[in-house]
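# Examining the three-dimensional arrangement
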Amino acid sequence: MYTVKRPPVIKTQPESVTVFSTEDFVMNCEASGNPSPIFRWAKDGEDFDPGSDPELKVSESSGSFAFYTLSNTMDTLNKYKGKYVCYASNELGTAVSNEAILNTDGKNKKVDETADEGKSFILKCNPPQSSMEPIIHWMDLRLRHIELSKRVMVGKDGNLYFANLESSDSRDDYTCNVQYLATRTILAKEPTSLKVNPSNSVLRNRRPQMMRPTGHHSTYHALRGQTLELECIVEGLPTPEVSWMRRDGELSETRTTKDMFDRRLRFTNISESDGGEYQCIAENSQGNTKHIYMLTVEAAPYWIKEPVSQLYAPGETVRLDCQADGIPSPIISWTINGVPISVDKDPRRTLTASGSLILEDVNFGDTAIYQCRASNKHGTILTNTNVYVIELPPQILTDDGNTYAYTEGQKALLECETFGSPKPKVIWERNNDSSFLLADRRVNPLSNGWLEIANVTHSDDGIYTCTVPNSNLSISLVSALYRLLSSADRTVILSPPQALKVQAGERAIFTCLNIFISENKEDNFGNHKRMIMLVSNLLIGISDPKDRTVTLSWTPGDDHNGPVTEYVVEFEDQRSNESVWKMLARVRENKERAVLSLWPFMSYRFRVIAINDVGKSDPSKPSGIHNTPAEAPDNNPEDVKSESIEPNTLVITWKKMDKTEVHGPGFKYCVQWRQAVGGGPDWHEKNVTEPPFRVDNVGNFSAYEIKVQALNEIGRGPEPDPVIGYSGEDVPLEAPMDVGVEIINSTTIKVTWAPIDKETVRGHLLGYKIHYTRKVHRSHHRGRRAQELESTVVVKTEPNEKKKVISDLRPFSNYTLKVTVYNIKGEGPFSEALPFETPEGVPGPPLTLTLDSPSETEMTLHWTPPGQPNGVLIGYLLDDSPMQVETIDDPTVTHITLKNLDHKSDYRFYLRGRTAAGDGVPITMKGATMLDGGVTEMQPSFATQGWFIGVVSAIGLLLLILLILCFIKRSKGGKYSVKDKEEGPMDSEARPMKDETFGEYSDLEEKQTASQPSLCEKSKLYSEDNLDFNGSSAMTTELNMDESLASQISRPSGGPEGFLPENAPLNPTTFSPATNGVPNSVTILD
């Protein structure tokens, strides 16, 4: 009896195990094969013989090998920790198992811990290393769970974390229990004692700090498809709150959950799209801290293509394709019977860049088990492939005497399945003649032994035989049952037929010079006949309607010596109410046919337009009507979203689909919705004809999964992916809590508040609004205060802000402050009004400062108090450079006289108000005393004012004109009127001057001057004053001035106020009374 030999195959892989007791130490490996495989082991990459170790017991039988320990103590097992690999071998090769890791765990000693009340603390668990994920339970000796909370929790590392200790945390039986579900093992650690020292003083609050992980940033690599948990365990007093957010996108509410009192963020079936930045934020009344996770989703190796075990004949070339993928990309390596392949030692072996192994000219010695191994940092996968080099007689597996029937023009495929080693060679004959294979291009022998004949005709009828050595198999091919019109059957159409509508099964006759087409129904083989329709100069061939295509051909017309550059195919939908021709395709000039893709459930008519360099031709006559069958929609509407505005409603909208996407009668949209969280698996749905769709009584700002699916009477479109939409927003319900104000300085505060519960926002949180109103308390000195109200100022913040610094406040003012939260619908209620008062600040400058000089060595300063005292005025500070600084302690004083001044010096005065906060902003004035007792005030910015420059320019021009007129009049002998002088008042000093200086006057001159004053009189006024300004005294200089001139100087009406601005420095109304109406040098200078 012949026995088939088989190479070894690993049936039971050795498993990784953590040994907690001697009974747990078992390594088992099972394999099949013929002859029975022989087992050997390797530990940490070196040969390991468990049978030679006196402390191990071996159990070996046909196809299995196991070993376990004979020791009764755990201490002896530590030397067996490591990585184990099982090898199963027979004469055909060696199979290699996966790695199995063996870990041991010993008992830990009891630990006594001591800590202070209010401090943070960590109780260590230190679970043993294992390939299995343990479950940690902290319990007492009575096996009751330690109560967990936001303050006390278990980390992923198994440790017990205290955010802040309380005296009640003292106990001596904290026990860490490690549970392994796979092995049904619970390992209890030694109890730990914790004593909390009570505090004798008030506990000091602390801002949050990270306990696990430490720092502010960490990188996390996850494997695709796994369940992943990120955690943030924090300490602080009071116990902090923790929240999570995704920094580079939206946090998925359906695939992420929060656990362990929001300290953990869990991902289920994680994918590459979950990679990104995640942030946990811990905060209490003392502040906050943050930690950012950089999450990268990678993948352990997985197979894309595995090599196939197969029989090969000597001399063949073997190609073993091995392709794997992963993140990062895995490295492919090969072994033979567990031994790495050396390509250099055997030139017949080649390793390709893609990971394939090629064996050329194989022989019986190449029979073996080949292992392909794919590895990256996340793991290793291994596959065993049998290469069996053997000689077997050829066989034909296909049944003999098969009959094939094909329609003319189709592709025939004749089967001839073979088996053998080496691979049998197939020879095909037709009617005992093999020459047809070389003579006909349509005939193609395939590599698998089959025969392909393209575009079959009547001449292909016959008996076909495939032959291999030691076997004969005949296959016959019978002619097709019907045939299509061939090119020889075409007829010139002299008169086109008219389009007809017929029912299936009826006879359709087209009158076309006695040419007609057979019945339009399905043949016995289920294939539609090709229908030839000739309309005008268009020849339309319609393919199987399921293909949604039509072949359109045409005969070109006269191009009028202008070669056609392209053809445009247009269509018209007869079902549409609009009679519009639309472009369907463009065809190159050397084409006279086109395969057109059509939409289902449309009634088409076609026409063709030719285009050359001159322009377009007239359209051809339209073709007949071609109806495409109805189908279910291919697509669903796009841009599905919620546009809910009103509270308690969900308005679902989408982009209407084009009529070409309807595909059938009874088109509708199936709108589906359900709550994203807590709504259950069932969907609500409603069929509608157009958007939008409104759902009532859905709550305010609730998250819903929504999707819209297209459907018609034939069926539904593809299953759409749900999107998240929210019901309408409403104004927030609650005001921010814990609003506080911290005074930074007299003009700046910091406002803080607790984050609002997002469920009470009832919408997208846009931020917070801080409203503050000032009730002004202004004081010039102690005991005098006035009040005024100002409008409310509103400051907006970002949604994530919990504090805001506000500047530009007024010092020494009472304010009230309120905070609201707002969304797109408006603001919520105000927080409780919080009054605060800004401290005193330095005052602003005094409003005015004027100078007066009683004598040439004295100067009096007059001022008005500051308009913004910014506190209680306690006096003034005068810096009269270059003299000393003088302090005025009486805030009610508004003037001061300075004596013993130097009339030859200029003085610059700086006057400041003073409050308890310090010295204020000064007002500045520069001046000098004069010999006449006046004072010169010099304001540096005065001469640069535009109105002053304009006035001085106008005065200068007017004076020049007056002087010119005066000299002209004198040159003509003009004299003053004596009568006017005699009638006017005259003092004792004026008369001698008249007698000594002036002569006789004629009556004519008196008449001329009596009615109109001389223009030179005004000019003399300014010329005399100018002389006075140049160093002589107006009271002591002897001038030839008569009474009329003196009277004009003393009268206000004679001054130049007619052309000066009211507030100009030269206006006579501003003259000091001390000057007796005469402008002094100060006035002229100003």
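Residues numbered from 1 in each chain as written. Predicted model: local features only at pLDDT ≥ 70, side-chain atom pairs only at ≥ 80, totals over all residues. Heavy atoms only, no water.

Going by an unreviewed UniProt entry, the protein chain carries the name Neural cell adhesion molecule L1 and comes from Oreochromis niloticus. What UniProt states about the protein chain under its Sequence similarities (unreviewed entry) heading is, verbatim, "Belongs to the immunoglobulin superfamily. L1/neurofascin/NgCAM family." (UniProt positions renumbered as here; feature names shortened; annotations may be inferred.)

### Considering the overall build of the protein chain
In terms of helices and strands, the protein chain carries nine helices and 78 strands. Looking at the protein chain as a whole, 41% of its 1086 residues are labelled buried. Total accessible area on the protein chain stands at roughly 60000 Å², and carbon and sulfur atoms take up 50% of it. (Helix = DSSP H or I, 4+ residues; strand = E, 2+ residues; numbered from the N terminus. Buried < 20%, exposed > 50% of the residue type's maximum accessible area, 1.4 Å probe, protein only. Areas by Shrake-Rupley, 256 points an atom, 1.4 Å probe, with all protein chains shown as cover.)

### Topic: the state of the cysteines
Joining two cysteines, a disulfide is a covalent bond between their sulfur atoms. Scanning the entire structure with this criterion turns up five disulfides. Across the disulfide from Cys232 sits Cys280; the S-S distance is 1.8 Å. The sign of the -75° torsion about the S-S bond sets the Cys232-Cys280 disulfide as left-handed. Here Cys232, found in the loop between β21 (228-231) and β22 (233-237), pairs with Cys280, found in strand β26 (residues 276-284); they are 48 residues apart in sequence, far enough to count as distant. Cys280 shares its class with Cys232; the two are buried. (Disulfide = S-S within 2.5 Å.)

### Considerations on empty space enclosed by the protein
Applying the stated criterion to the full structure yields five cavities of 30 Å³ or more. As a volume, the second largest cavity reaches approximately 70 Å³. Taken together, Phe571, Glu572, Asp573, Ser576, Glu578, Val580, Lys582, Met602, Lys659 and Thr660 make up the lining of the second largest cavity. Considering each element in turn, the lining of the second largest cavity owes the most residues, three residues, to strand β49 (residues 566-573). Among the residues forming the lining of the second largest cavity, the class breakdown is three nonpolar, two polar and five charged. (1 Å grid on protein atoms, 1.4 Å probe; cavity = no way out; pocket = protein on both sides within 12 Å on 5 of 7 lines; lining within 4 Å. Points joined across faces, edges and corners; volume = space filled by probe spheres on them. Nonpolar A, V, L, I, M, F, W, Y, C, P; charged D, E, K, R; others polar.)

### Comments concerning the pairing of strand β8 (residues 82-90)
Within β8, eight of the nine residues are buried, which leaves it mostly tucked inside the rest of the structure. In the sheet, strand β4 (residues 38-43) pairs with β8 via six bridges, with the strands oriented antiparallel. Note on β8: the bridge partner recorded for Phe39 is Ala88. Pairing between β8 and strand β10 (residues 100-104): three bridges, direction antiparallel. Within β10, the position partnered with Lys83 by the bridge is Ile101. Inspection of the sheet shows β8 paired to strand β9 (residues 93-96) by four bridges, in the antiparallel sense. Its bridge partner being in β9, Asn90 is matched across the sheet by Gly93. Hairpin connection of β8 to β9: two residues between the antiparallel strands. (Pairing = 2+ DSSP bridges.)

### Some details on the pattern of salt bridges
In total, this model carries 45 salt bridges according to the counting rule given. Here Glu277 and Arg247 are joined by a salt bridge, their closest N and O atoms 2.8 Å apart. Here Glu277 is found in strand β26, whereas its partner Arg247 is found in the loop between β23 (241-246) and β24 (256-259), with 30 residues between them in sequence. Of the residues examined, Glu277 reaches a relative accessible area of 25% and is grouped as partly exposed. Taking the shortest distance from any N to any O, the salt bridge between Asp366 and Arg348 comes out at 2.9 Å. Highlighted residues: Asp366 in the loop between β34 (357-359) and β35 (368-376) and Arg348 in the loop between β32 (339-340) and β33 (349-351), separated in sequence by 18 residues. Assessed through its relative accessible area of 4%, Asp366 is described here as buried. A network of salt bridges, in which partner residues are shared, links Asp157, Arg212, Glu229, Glu231, Asp259, Arg264 and Arg266. (Salt bridge = Lys/Arg side-chain N within 4 Å of Asp/Glu carboxyl O.)

### Structural notes on the nonpolar core
Grouped together as the largest cluster of nonpolar side chains are 22 residues, with contacts concentrated most on Phe25, Trp41, Phe67, Tyr84 and Leu102. With 21 residues, the next largest nonpolar core counts Ala115, Met132, Ile146 and Phe162 among its residues. (Core = buried A, V, L, I, M, F, W, Y, C linked by side-chain atoms within 4.5 Å.)

### Section: a nonpolar patch on the surface
Taken together, the side chains of Leu957, Leu960, Ile961, Ile964, Leu965 and Ile968 define a hydrophobic patch exposed on the protein surface, amounting to about 530 Å² of accessible area. Considering the arrangement of structural elements, one finds Ile968 in helix α3 (residues 946-971). Residue class for Ile968 comes out partly exposed when judged on its relative accessible area of 41%. (Patch = residues over 30% accessible without salt bridge, like charges linked within 9 Å, V, L, I, M, F, W, Y side chains within 5 Å.)

### Digging into the packing of aromatic side chains
For the structure shown, the criterion picks out 25 aromatic pairs. Seen from their ring centres, Trp41 and Phe65 are 6.2 Å apart, and the 45° between their planes marks the pair as tilted. Of the two residues, Trp41 sits in strand β4 while Phe65 sits in strand β7 (residues 64-69), which places them 24 residues apart along the sequence. Here the aromatic rings of Phe701 and Tyr726 are separated by 4.6 Å at their centres, their planes lie at 15°, and the arrangement is stacked. Pair noted here: Phe701 is in the loop between β58 (693-696) and β59 (703-711) and Tyr726 is in strand β60 (residues 723-726), with a separation of 25 residues, a long-range link. (Phe/Tyr/Trp six-rings, centres within 6.5 Å; stacked < 30°, edge-to-face > 60°.)

### Structural notes on the environment of Arg171
Summarising the element assignment, Arg171 is placed in strand β16 (residues 171-180). Taking relative accessible area as the criterion, Arg171 reaches 31% and is therefore assigned partly exposed. Residues Arg171 and Leu194, 23 residues apart in the sequence, show an inter-C-alpha distance of 5.5 Å. Setting aside anything within four residues of it in sequence, one finds Arg171 in contact with Asp140, Ile146, Thr192, Ser193 and Leu194. Within the local environment of Arg171, its side chain forms a polar contact with the side chain of Asp140, the two groups lying 3.4 Å apart. A distance of 2.8 Å separates polar atoms of two side chains, one belonging to Arg171 and the other to Asp173. (Contact = heavy atoms within 4.5 Å. Polar contact = N/O pair within 3.5 Å; in protein donor to acceptor, adjacent residues only side chain to side chain.)

### Examining the side chain of Ser620
The topology assignment puts Ser620 in the loop between β52 (603-611) and β53 (626-627). At 2.9 Å, the side chain of Ser620 and the backbone nitrogen of Val608 are in polar contact.

### Concerning the sheet that holds β7
Taken in spatial order, the four strands of this open sheet run β1-β3-β7-β6, and their pairing is antiparallel. Strands with a single pairing partner mark the edges of an open sheet, and in this sheet they are β1 (6-12) and β6 (56-61). Each neighbouring strand pair of the sheet contributes to a mean axis angle of 20°, computed without reference to strand direction. Here strand β3 (residues 26-34) pairs with β7 via five bridges, running antiparallel. Looking at the pairing, Cys29 lines up with Phe65 of β7. (Axes fitted to C-alpha atoms, helices over the stretch in contact; angles between N-to-C directions.)

### Quick word on unusual backbone geometry
Cis geometry is found at the peptide bond from Asn34 to Pro35, where omega equals 5°. By the secondary structure assignment, Pro35 is in the loop between β3 and β4. Here the residue pair Ile327 and Pro328 is connected by a cis peptide bond, since its omega of 0° sits within 30 degrees of zero. By the secondary structure assignment, Pro328 is in the loop between β30 (323-327) and β31 (331-336). Residues other than glycine seldom take positive phi values, yet Asn337 does so here, at roughly 55°. Relative to the elements of secondary structure, Asn337 occurs in the loop between β31 and β32.

### Observations concerning the environment of Tyr567
By the element assignment, Tyr567 lies in strand β49. Residues Tyr567 and Lys591, 24 residues apart in the sequence, show an inter-C-alpha distance of 8.4 Å. Sequence-distant contacts of Tyr567, defined by excluding residues within four places in its chain, comprise Trp554, Pro556, Ala585, Arg586, Val587, Arg588, Glu589, Lys591, Val608, Ile609 and Ala610.

### A short note on the side chain of Arg206
Along the chain, Arg206 turns up in strand β19 (residues 206-212). Reaching out from Arg206, the side chain makes a polar contact with the backbone oxygen of Gly118 at a distance of 2.5 Å.

### Things to note about the sheet that holds strand β54 (residues 641-642)
In a beta sheet, neighbouring strands pair by backbone hydrogen bonds and run either parallel or antiparallel. Ordered in space as β54-β55-β58, the three strands form an open sheet in which the pairing is antiparallel. Looking at strand neighbours, the two that pair on one side only are β54 and β58, the edges of this open sheet. Examined bridge by bridge, β54 and strand β55 (residues 649-653) share two bridges and lie antiparallel to one another. If you follow Lys641 over to β55, its bridge partner there is Thr653.

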